[in-house]
Amino acid sequence: MAECPECEAIIDVDPDEIEQGEVVTCPDCAADLEVINTNPLEFNMVDDLDERDEFEAAEDEDEDDDDDDDEEDDDIDEDDDDIEDDEEDDDEEDVIDEDAEEER
């Protein structure tokens, strides 16, 4: 026997007939409860588990966003390199144009 974490009602379940991870319903408040331990018998509200899963998923998304930011920074650095290369090309063209004018 164990208590419902929501309403503290006694849940009469034989621990030998239930497995960890199973979901049972509280007969008093109708809350869905997951068996988190069979000896001693303990329950967690399924809603609490869903919220924890959502929180963990949100953390994962934040980590993915951080990775994306790093990739964007790399793209910006590459763009800066392209601009510098273009400026060097322009300088070389100016030198070639000056040489051509001097030959005339």
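Residues numbered from 1 in each chain as written. Predicted model: local features only at pLDDT ≥ 70, side-chain atom pairs only at ≥ 80, totals over all residues. Heavy atoms only, no water.

### So, the overall build of the chain
Link 1 in the chain: What the chain contains, in helices and strands, is 1 helix and 5 strands.
Link 2 in the chain: Going from N to C terminus, the chain has its helices and strands arranged as β-β-β-β-β-α.
Link 3 in the chain: Out of the 104 residues in the chain, the part that is buried amounts to 14%.
Link 4 in the chain: Sequence-distant contacts, at least 24 apart, represent 17% of the contacts inside the chain between residues at least 6 apart.
Link 5 in the chain: Total accessible area on the chain is roughly 8300 Å²; 36% of this is exposed by carbon and sulfur atoms. (Helix = DSSP H or I, 4+ residues; strand = E, 2+ residues; numbered from the N terminus. Buried < 20%, exposed > 50% of the residue type's maximum accessible area, 1.4 Å probe, protein only. Contact = heavy atoms within 4.5 Å. Areas by Shrake-Rupley, 256 points an atom, 1.4 Å probe, with all protein chains shown as cover.)

### A few points about the environment of Leu-41
Link 1 in the chain: With respect to the helices, strands and loops of the structure, Leu-41 is situated in strand S5 (residues 41-45).
Link 2 in the chain: The exposure class of Leu-41 is buried, given its relative accessible area of 9%.
Link 3 in the chain: For the pair formed by Leu-41 and Pro-15, sequence separation is 26 residues and the distance between their alpha carbons is 6.3 Å.
Link 4 in the chain: Residues contacting Leu-41, with those up to four places away along its chain left out, are Met-1, Ala-2, Val-13, Ile-18 and Val-35.

### Comments concerning the confidence of the model for the chain
Link 1 in the chain: Confidence in the prediction of the chain, expressed as mean pLDDT, is 76, and 50% of residues score 70 or more.
Link 2 in the chain: Averaged pLDDT values over the elements of the chain bottom out at 63 in helix H1 (residues 46-103) and peak at 94 in strand S3 (residues 23-25). (pLDDT = per-residue confidence, 0-100.)

### Some details on the sheet that holds S3
Link 1 in the chain: Within the open sheet, the 3 strands sit side by side as S3-S4-S5. Their pairing is antiparallel. Whereas interior strands pair on both sides, the edge strands pair on one side only; in this sheet they are S3 and S5. Neighbour-to-neighbour, the strand axes of the sheet open up by a mean angle of 45°, direction not taken into account.
Link 2 in the chain: When S3 meets strand S4 (residues 32-38), the two strands line up antiparallel, connected through 3 bridges. The partner of Val-23 across the bridge, within S4, is Glu-34. (Pairing = 2+ DSSP bridges. Axes fitted to C-alpha atoms, helices over the stretch in contact; angles between N-to-C directions.)

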